[in-house]
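# Structural features, examined
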Amino acid sequence: MKFSAFNFDSRLSEGIEASGYEDATPVQELVIPLVLEGKDVIASAQTGTGKTAAFLLPLINNILSTPFDEHSITALIIVPTRELAIQIAQHMEGLSYFTSVSSIAVYGGGDGGAFVQEKKALSMGADVVICTPGKMIAHINMGYVKFSGLKYLVLDEADRMLDMGFYDDIMRIINALPAKRQNLLFSATMPSRIREMAKKILHNPAEINIAISKQNEKITQLAYVVYEAQKIPLVKFILHQKEFSSVLVFCSSKQAVKQLTRELKRTKLAVDEIHSDLEQDKREEVLMYFKSGRLKVLIATDILSRGIDIDNIGLVINYDVPHDGEDYVHRIGRTARAAAEGTAITFISEKEQRKFQSIERLLGKEVPKEKIPEQFGEGPEYRKGHHSHPNNGRGHQNGKRPGNFSRNRPAGR
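Here the structure is a predicted model, which is why all the values come from computation and not from measurement. (Residues numbered from 1 in each chain as written. Predicted model: local features only at pLDDT ≥ 70, side-chain atom pairs only at ≥ 80, totals over all residues. Heavy atoms only, no water.)

## Brief notes about the pattern of salt bridges
Note on pairing: side chains with opposite charge can pair once their charged atoms come close. Per the counting criterion, the structure on display carries 16 salt bridges. Notably, a salt bridge pairs Glu157 with Arg160, separated by 3.1 Å at the nearest N-O pair. You can call Glu157 buried: its relative accessible area is 9%. Arg160 sits in the partly exposed class, given a relative accessible area of 29%. (Salt bridge = Lys/Arg side-chain N within 4 Å of Asp/Glu carboxyl O. Buried < 20%, exposed > 50% of the residue type's maximum accessible area, 1.4 Å probe, protein only.)

## Things to note about the packing of aromatic side chains
Counted by the stated rule, this structure contains nine aromatic pairs. Summarising the aromatic geometry, the rings of Tyr224 and Phe347 are spaced 6.2 Å apart at their centres and angled 80° between planes, so their arrangement reads as edge-to-face. Taken together, the positions of Tyr224 in strand 8 (residues 219-225) and Phe347 in strand 13 (residues 342-348) put the pair 123 residues apart, joining distant regions of the chain. Comparing Tyr224 with Phe347, the two get one shared label, buried. (Phe/Tyr/Trp six-rings, centres within 6.5 Å; stacked < 30°, edge-to-face > 60°. Helix = DSSP H or I, 4+ residues; strand = E, 2+ residues; numbered from the N terminus.)

## A closer look at the environment of Glu263
Tracing the backbone shows Glu263 in helix 11 (residues 254-265). Expressed as a C-alpha distance, the spacing of Glu263 and Ile232, which sit 31 residues apart in the sequence, is 7.7 Å. The contact partners of Glu263, leaving out residues within four places of it in the chain, are Ile232 and Lys236. Within the local environment of Glu263, its side chain forms a polar contact with the side chain of Arg266, the two groups lying 3.1 Å apart. (Contact = heavy atoms within 4.5 Å. Polar contact = N/O pair within 3.5 Å; in protein donor to acceptor, adjacent residues only side chain to side chain.)

## A word on the sheet that holds strand 8
As summarised here, the arrangement of the seven strands in space is 10-11-9-12-13-8-14, forming an open sheet in which the pairing is parallel. The sheet is open, and its two borders are formed by strand 10 (271-274) and strand 14 (369-370), each paired with just one other strand. Summarising the sheet, strand 8 and strand 13 pair through seven bridges and their orientation is parallel. Bridge pairing in strand 13 links Ile219 to Gly342. Those strands touched by helix 10 (residues 231-241) are strand 8, strand 9 (247-250), strand 11 (297-300), strand 12 (315-318) and strand 13, and its axis lies near 160° from that of strand 13. (Pairing = 2+ DSSP bridges. Axes fitted to C-alpha atoms, helices over the stretch in contact; angles between N-to-C directions.)

## Notes on the nonpolar core
Phe3, Leu57 and Ile77 are the most contacted members of the largest nonpolar core, which totals 46 residues. In this structure, Cys131, Tyr144, Leu155 and Leu177 belong to the second largest nonpolar core, which totals 34 residues. (Core = buried A, V, L, I, M, F, W, Y, C linked by side-chain atoms within 4.5 Å.)

## Let's talk about the sheet that holds strand 4 (residues 128-131)
Remark on secondary structure: sheet strands pair via backbone hydrogen bonds, oriented parallel or antiparallel. Taken together, seven strands build an open sheet; the order of strands is 3-4-2-5-6-1-7 and the sheet is parallel. Unpaired on one side and paired on the other, strand 3 (103-106) and strand 7 (206-210) mark the two borders of the sheet. The sheet shows a mean angle of 15° between the axes of neighbouring strands, direction not considered. Note that strand 2 (residues 75-78) and strand 4 share four bridges and pair parallel. Opposite Ala75, over in strand 4, you have Val128 as the bridge partner. Here helix 9 (residues 192-201) sits on the sheet and contacts strand 1 (41-45), strand 5 (152-155), strand 6 (182-187) and strand 7; the angle it forms with strand 6, its principal contact strand, is near 170°.

## A look at helix 10
Of all the positions in helix 10, only Lys231, Ile232, Leu234, Val235, Ile238 and Leu239 are classed as buried. Along the axis of helix 10, the buried positions cluster into a sector of 160°, meaning they face one direction only. Next to the buried residues of helix 10 lie strand 8, strand 9, helix 11, strand 11, strand 12 and strand 13. (Arc of directions from axis to C-beta.)

## Topic: helix 3 (residues 51-65)
Taking 1.5 Å of rise per residue, the 15 residues of helix 3 would be expected to cover 21 Å, and the 22 Å separating its terminal C-alpha atoms lies within 8% of that figure. Burial analysis of helix 3 places 14 of its 15 residues in the buried class, the great majority of the element. (Expected span 1.5 Å × (residues − 1).)

## Topic: the pairing of strand 9
Both faces of strand 9 are covered, namely the face carrying Val247 and Val249 and the face carrying Leu248 and Phe250. Where strand 9 and strand 12 come together, four bridges link them in parallel fashion. Each bridged residue has a counterpart across the sheet, and for Phe250 the counterpart in strand 12 is Asn318.

## Notes on the environment of Leu95
Secondary-structure assignment places Leu95 in helix 4 (residues 82-95). Given a relative accessible area of 0%, Leu95 falls into the buried group. When the C-alpha positions of Leu95 and Ser13 are compared, they lie 8.4 Å apart, and in sequence the two are 82 residues distant. Those residues in contact with Leu95 that lie beyond four places of it in its chain are Leu12, Gly15, Ile16, Ser19, Tyr21, Leu56, Leu57 and Ile60.

## Here's the deal with the side chain of Ser246
By the secondary structure assignment, Ser246 is in the loop between helix 10 and strand 9. By relative accessible area, which is 3% here, Ser246 ends up buried. Residues contacting Ser246, with those up to four places away along its chain left out, are Phe290, Lys296, Asn312, Ile313, Gly314 and Leu315.

Structure below.
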C-alpha cells in the first residue's frame, strides 16, 4: 500500500516523500487508518516493524487538520530510554519538516539551557512531546506542565517500561491527563501486566499483532566487529579489493557522511554524498550521477534508505549499525533488486554490539562475522548476549537535544 493512499495533508506528504517513504509496512497499513478514525489501539509490534511512523504520521496529520489549544501539549509520547526519545524526535523532525507542527524531546541529564527549553515547551504548549517517565515526573512536580488540551497519548515499548520499573511513574503521568483522549499502546510482548495496564488506560481498543518484515534471501550479509577508528581504513580496503557495480554507504550522522566522503575522495574514488544539509536540487543531481553510473560510491544518511529506485547496487555498507531491524532491512534492501544478487556489510563498533544483537534477534538469525584484515590490528571481542546497563531515561547524549520547538502557525489554522 502506498502512503499516498492515506490522503494525508499535503505538507505531511511532502515530508514523507523527502524521507524516502513509498510503501507502508504492515503495522503502518493497519494502525494508521485506526488512529485517523480516532480509535484506541493496542499493538504487539517489535522495534523494527515501522511502528514509529505508524503513530507519528496520523498524529501529525490530525494535529494539522483539527483545532488545538495553543497553550497545551497536544500529544504525549512516553518511551523507556533517552535513546528512543532521541530517535523518535529525529524521526518526527524529518516527517514534520514541511509543517508547522512543533515537537520536543524531554529526557534527563541536560544542561540548564535544555531545562529552560523544556520548561518553556511544557508550560507554554507544544504539539508533540516525547519523554522518558522519570524526567516528565520531575517537571510535573514543579507544577507548570500544561496537559489541559491533550488529545493523544502514546506508550511505546510498554513492556520494557514495566521491566524497568516505570509503572507507578506512567500511571501518575496518566492521572494528570484529561480523561477524554485517544490512546495508543505499543509493546513487543503482551504479558498479563501489559493487558492489565491497557484495561486501565485504553477504551475499547483495536488490537493488532505484527512481525518484522523479511529480508531478501539473495543478499549476502556480512559484518565486521571493529573499533571506531578502524571503520574508515576498512571501507577503503573493501572498496579497493573488488570491483562493484555501484556502492551505497549508510552513515547514521551527517558528520560521519562528510568525513568519510572527504577521506574517500583522497583515494581518487568517484564518490559523493547526500544528507539533509544539501539543497534538494543538489541531492537530485548527485542521485542522477549515481543512477547513471558516473558516480561509483554514494555515501548517505538514512534519507536514502527507503524508496531509492536503483537496480544495480552491488554493495551496501552500513558504516554505523542502523537504529533498528526495519531500518536494517530497508538499508540492505537497496542491493539485490530485480534478479541481481548483492552484498551487505555492517560495521559493528563496541558501543553498537547490543543494538546489532537485537537486530539479529529480529531477523531470526546471526549475521556471519568476518575477520578484520591483519594490517588493521585486532578488533574488539563480539560479546554475545552482552548488555550494557539499561538507561533509565535520566542520561544525556552528546549534549544535543533534538526537537523543532516553535509554535509558528500558518494562517487559517
